[in-house]
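Architecture at a glance
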Amino acid sequence: MIQTITTDKAPAAIGPYSQAKLVNGVLYASGQIPLIPATGELREGGIIPQTEQVMANIAAVLEAAGTDFEHVVKTTCFLRSMDDFAEFNQVYAQYFTGKPARSCVAAAALPKGALVEVEVLAVL
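Procedures and definitions
- Residues numbered from 1 in each chain as written.
- Predicted model: local features only at pLDDT ≥ 70, side-chain atom pairs only at ≥ 80, totals over all residues.
- Heavy atoms only, no water.
- Axes fitted to C-alpha atoms, helices over the stretch in contact; angles between N-to-C directions.
- Helix = DSSP H or I, 4+ residues; strand = E, 2+ residues; numbered from the N terminus.
- Parallel < 35°, antiparallel > 145°, perpendicular 65-115°, else oblique.
- Left-handed = near helix turned anticlockwise from the far one by under 90°.
- Contact = heavy atoms within 4.5 Å.
- Nonpolar A, V, L, I, M, F, W, Y, C, P; charged D, E, K, R; others polar.
- Disulfide = S-S within 2.5 Å.
- Buried < 20%, exposed > 50% of the residue type's maximum accessible area, 1.4 Å probe, protein only.
- Salt bridge = Lys/Arg side-chain N within 4 Å of Asp/Glu carboxyl O.
- Core = buried A, V, L, I, M, F, W, Y, C linked by side-chain atoms within 4.5 Å.
- Phe/Tyr/Trp six-rings, centres within 6.5 Å; stacked < 30°, edge-to-face > 60°.
- Lys NZ or Arg CZ within 6 Å of the ring centre and 35° of its normal.

Attention shifts here to the packing of helix H1 (residues 47-65) against helix H2 (residues 85-95). Following both chains from N to C, one finds H1 and H2 inclined at 30°, their axes separated by 9 Å at the closest point. What the angle tells us is that H1 and H2 run roughly parallel. Along this stretch, H1 crosses H2, giving a crossing that reads as right-handed. Contacts between H1 and H2 involve Ile47, Ile48, Thr51, Glu52 and Met55 on the former and, on the latter, Glu87, Phe88, Gln90, Val91, Tyr92 and Tyr95. A per-class count over the contact of H1 with H2 returns 7 nonpolar, 2 polar and 2 charged.

This is the structure we're talking about:
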């Protein structure tokens, strides 16, 4: 059975996709960019506040699915610039204390001009 996960505590999808799908106890979450859920506006201030917003958005999707950061087994991270790698990792490490498997790549452009996007896979 496939369950669609949605929450108004994370930004609504800005395209033809859902925030997450739950299939056989595995959560497949769409990438989160640093949009403020209440306004749909991009969080300003650089990589640190943008990464903090991404983590808040991920937390909301995980909570809506009945799980949390400790159950994340894989992340895929996209940075507009690898110059932000160290500062991104500072914030990332505060949330993903279980050290899930991870890929991190530079992306020439991200939606809405974001500096960072992160998607997760989690088990329930």
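Two cysteines joined by a covalent bond between their sulfur atoms form a disulfide. Under the defined criterion, the tally for this structure stands at 0 disulfides. You can see Cys77 has no disulfide; the closest cysteine sulfur is in Cys104, sitting 5.0 Å from it. According to the relative accessible area criterion, Cys77 is buried, its value standing at 0%.

Using the criterion set out here, one finds 1 salt bridge in the structure. Residue Glu52 is joined to Arg43 by a salt bridge in which the shortest nitrogen-to-oxygen separation is 3.8 Å. According to the relative accessible area criterion, Glu52 is partly exposed, its value standing at 32%. Residue Arg43 is classed as partly exposed on the basis of its relative accessible area of 26%.

With that settled, the discussion passes to the nonpolar core. Among the nonpolar cores identified, the biggest contains 27 residues, and Leu27, Met55, Ile58, Leu62, Phe88, Val118 and Val120 are the most heavily contacted of them. Secondary structure elements with two or more residues in this core: strand E2 (20-23), strand E3 (26-29), H1, strand E4 (72-79), H2 and strand E6 (116-123). The greatest single-element share of this core, amounting to 8 residues, is contributed by H1. With residues near it in sequence (within four places) discarded, Leu27 still touches Ile5, Ala20, Lys21, Leu22, Leu62, Ala65, Thr67, Val120, Leu121, Ala122 and Leu124.

If you walk through the whole model with that rule in mind, you get 4 aromatic pairs. Between Phe69 and Tyr95, the aromatic rings sit 5.3 Å apart at their centres with planes inclined by 50°, giving tilted as the arrangement. Taken together, the positions of Phe69 in the loop between H1 and E4 and Tyr95 in helix H2 put the pair 26 residues apart, joining distant regions of the chain. Judged by its relative accessible area of 14%, Phe69 falls in the buried class. With centroids separated by 5.5 Å and ring planes inclined at 45°, the aromatic side chains of Phe88 and Tyr92 adopt a geometry described as tilted. Linking Phe88 with Tyr92, this pair stays in helix H2, spanning 4 residues, or about one helical turn. Both residues of the pair, Phe88 and Tyr92, belong to the buried class. Among the aromatic residues, ring-to-ring pairing joins Phe69, Phe88, Tyr92, Tyr95 and Phe96 into one connected group. The lysine or arginine in question, Arg102, covers the ring of Tyr92, its NZ or CZ lying 4.6 Å from the ring centre.

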